Amino acid sequence: MPYWLQRFLAFGLIFGIIAGAVVGAGAMRAMRPEVEQKPREEAAPLVNILDLRPTSAAFGVVSQGVAQPVTETRLSAEVAGTVVGVADSFVAGAAFRAGETLMRIDPTNYEVAVARTAAAVSQRQVEYDAAKKLREQGYRAEAELLSAKAALESAKADLVRAERDLERTSVRVPYDGIVRERTAQLGDYVAPGSALGTTFATDRFEVRLPLPDRELAFVELPRVAGDTPPPGATLTGQYRGQAASWSARVVRTEGVVDERTRMVFAVAEVTDPYLRDADTGAATPLPAGTFVEAAVEGIVVDGVVKIPRTLIRGNDQVIFVDADNKLRLRNLEILRTDSEYAYVLADQLQENRVLLTTLEAPLNGMLVRPNEDVPPAPDENAFTGQPAARVIDGDR
């Protein structure tokens, strides 16, 4: 057999084997039963949720201020003379009672003036009585009687002034108080208007509390003293290195907005801050100049829910879970916030379940599986009767 024929037959055999294998594989594939194709299912993420329940919330306001006396007096000399007496209670920090003599100016000249004017009054009285008697007898004219009467009244006026000047040699104030400072010393010569010292009354102290205008809606503050029942306030601060608290009442607002800070000032009042009319063992004194934080009682709002601030997206968006376990992204009108919670009126909510689990890309309508094994969260919406919000710089 020729060589070329042999190679042709060899290649034909190889081709036939390959073709047979291909045909056999196709036949086998055609005979294989069809595998049912099922659509791929995406597993809904397992999430934790928080049930919101409406309740009542007390919205208090917190501010800061310094306790200062309502009445403070700069004592000045009303008459001239040498300081001849200083009371032991007329030193910085000492307490005194109303009407107590704190300082005495040499009264000699004024005692002499009183004696001289008293003698003049007696003389003018005699002259007037004589003129009146003669007038009744027809020996004096009406003008002479009137002149004698005028001289008597003038002498009496001089006596009143002299007695008043004598009283002014004793320096007194009409209230119980404490001496802030004394500027005149024993032996000093003082003239009318010379500074003697400074005192303040201890019956009432005031604390000016700056409040943002937006916070006034949550506190029923009187516009003027006595306008409405004043809300209570609790002042806290330090006394002798220990935490202390005092009760106060917010008696008025100052009625103007500070042009620089845009704040409105409320005024809280503390009565008997030094406990001078009370048992000193029953409470803590409030010294003048003490820096305090004031928690003012606010209004109570019904139908409010508390949402943790960590669940607020942006400024006002919250992710809810509806009845079909689908996510609903809602923008809410937030009533108030504090460092932990946002407060929302319950009547604006379409769902009452909030998503707690952080999802990478939550979408509106996304299906989720609530985790039924997680125990319910504590009732964060329970009403405690305490202020539910504080004035924090930067909060609503």
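Above: the structure in question.
Below or above, wherever it landed, is the structure these notes cover. Only a predicted model underlies this, so the values are computations on that prediction, with no experimental measurement involved.

## Considerations on the overall build of the protein chain
Piece 1. Per the secondary structure count, the protein chain includes 3 helices and 22 strands.
Piece 2. Burial status across the protein chain gives 35% buried among its 396 residues.
Piece 3. Long-range contacts, defined here as pairs at least 24 residues apart, represent 75% of the contacts in the protein chain between residues at least 6 apart.

## Quick word on the sheet that holds strand 5 (residues 81–86)
Piece 1. In spatial order, the strands read 8-7-5-10; together these 4 strands make up an open sheet with antiparallel pairing. Two strands bound the open sheet, and with one partner strand each, they are strand 8 (170–171) and strand 10 (189–190).
Piece 2. Where strand 5 meets strand 7 (residues 103–105), 3 bridges bridge the pair, whose relative direction is antiparallel. In the sheet register, Val83 faces strand 7, and the bridge partner there is Ile105.

## Details of helix 2 (residues 108–137)
Piece 1. Helix length check: helix 2, at 30 residues, gives a terminal C-alpha distance of 44 Å against a target of 44 Å (1.5 Å per residue), a fit within 8%.
Piece 2. Taken together, the buried positions of helix 2 are occupied by Tyr110, Ala113, Val114, Thr117, Val121, Tyr128 and Ala131.
Piece 3. Next to the buried residues of helix 2 lie helix 3 (142–167).
Piece 4. Trailing helix 2 by a residue or two, Gly138 shows a phi angle of about 85°, which is positive.

## Regarding the packing of helix 2 against helix 3
Piece 1. Relative to each other, helix 2 and helix 3 sit at 160°, their axes nearing to 8 Å. The angle between helix 2 and helix 3 falls in the class roughly antiparallel. For the element pair helix 2 and helix 3, the recorded crossing hand is left-handed.

## A few points about the pattern of salt bridges
It is possible for side chains of opposite charge to pair when their charged atoms get near one another.
Piece 1. Tallied over the entire structure, the rule returns 13 salt bridges.
Piece 2. Measuring nitrogen to oxygen at the nearest pair gives 3.5 Å for the salt bridge that ties Arg161 to Asp158. One end of the pair, Arg161, and the other, Asp158, are both in helix 3, 3 residues apart, so they sit about a helical turn from each other.
Piece 3. Residue classification places Arg161 among the exposed residues on the basis of a relative accessible area of 54%.
Piece 4. For Asp158, a relative accessible area of 30% puts it in the partly exposed group.
Piece 5. Glu269 is the partner of Arg204 in a salt bridge, and the nearest nitrogen-oxygen pair spans 3.0 Å. Of the two residues, Arg204 sits in strand 12 (residues 204–212) while Glu269 sits in strand 15 (residues 263–271), which places them 65 residues apart along the sequence.
Piece 6. In this structure Arg204 comes out as partly exposed when scored by relative accessible area, which is 30%.
Piece 7. Salt bridges sharing common partners tie together Glu78, Asp165 and Arg168.

## What about helix 3?
Piece 1. For helix 3, which comprises 26 residues, the first-to-last C-alpha distance of 38 Å matches the rise-based estimate of 38 Å (1.5 Å per residue) to within 8%.
Piece 2. Looking only at helix 3, the buried set comprises Leu145, Ala148, Leu152, Ala155, Leu159 and Ala162.
Piece 3. Where helix 3 is buried, its residues touch helix 2.

## Considering the environment of Tyr189
Piece 1. Structurally, the position occupied by Tyr189 is in strand 10.
Piece 2. A C-alpha to C-alpha distance of 4.2 Å links Tyr189 and Thr82, two positions 107 residues apart in sequence.
Piece 3. Excluding residues within four positions of it along the chain, Tyr189 makes contact with Ala80, Gly81 and Thr82.

## A few points about the nonpolar core
Piece 1. One finds Val207, Leu235, Trp246, Val250 and Leu286 to be the most contacted residues of the largest nonpolar core, which totals 24 residues.
Piece 2. Sequence-distant contacts of Trp246, that is, excluding residues within four places in its chain, are made with Ala233, Thr234, Leu235, Thr236, Gly237, Gln238, Tyr239, Thr284, Pro285, Leu286, Thr290 and Val292.

## Brief notes about the sheet that holds strand 6 (residues 95–96)
Piece 1. A sheet is described by the order of its strands in space; here 4 strands give the open sequence 4-11-9-6, paired in antiparallel fashion. Strands at the two margins of the open sheet, each flanked by one partner only, are strand 4 (72–76) and strand 6.
Piece 2. Sheet topology places strand 6 next to strand 9 (residues 177–182); 2 bridges connect them, and they run antiparallel. Bridged to Ala95 within strand 9 is Ile178.

## Side note on the packing of aromatic side chains
Piece 1. Within this structure, the stated rule accounts for 6 aromatic pairs.
Piece 2. Seen from their ring centres, Phe59 and Phe218 are 5.4 Å apart, and the 55° between their planes marks the pair as tilted. Placement of the pair is Phe59 in strand 3 (residues 55–69) and Phe218 in the loop between strand 12 and strand 13 (232–239), with a sequence separation of 159 residues.
Piece 3. Looking at Phe218, the relative accessible area reads 9%, which means it is buried.

## What to know about the environment of Gly237
Piece 1. Positionally, Gly237 belongs in strand 13.
Piece 2. Remark: the alpha-carbon pair of Gly237 and Val292, spanning 55 residues in sequence, is separated by 4.7 Å.
Piece 3. Every residue in contact with Gly237, bar those within four places of it in the chain, is listed here: Gln242, Ala243, Ala244, Trp246 and Phe291.

What counts and what doesn't
Residues numbered from 1 in each chain as written. Predicted model: local features only at pLDDT ≥ 70, side-chain atom pairs only at ≥ 80, totals over all residues. Heavy atoms only, no water. Helix = DSSP H or I, 4+ residues; strand = E, 2+ residues; numbered from the N terminus. Buried < 20%, exposed > 50% of the residue type's maximum accessible area, 1.4 Å probe, protein only. Contact = heavy atoms within 4.5 Å. Pairing = 2+ DSSP bridges. Expected span 1.5 Å × (residues − 1). Axes fitted to C-alpha atoms, helices over the stretch in contact; angles between N-to-C directions. Parallel < 35°, antiparallel > 145°, perpendicular 65-115°, else oblique. Left-handed = near helix turned anticlockwise from the far one by under 90°. Salt bridge = Lys/Arg side-chain N within 4 Å of Asp/Glu carboxyl O. Core = buried A, V, L, I, M, F, W, Y, C linked by side-chain atoms within 4.5 Å. Phe/Tyr/Trp six-rings, centres within 6.5 Å; stacked < 30°, edge-to-face > 60°.

That's the geometry; what it means functionally is another story.
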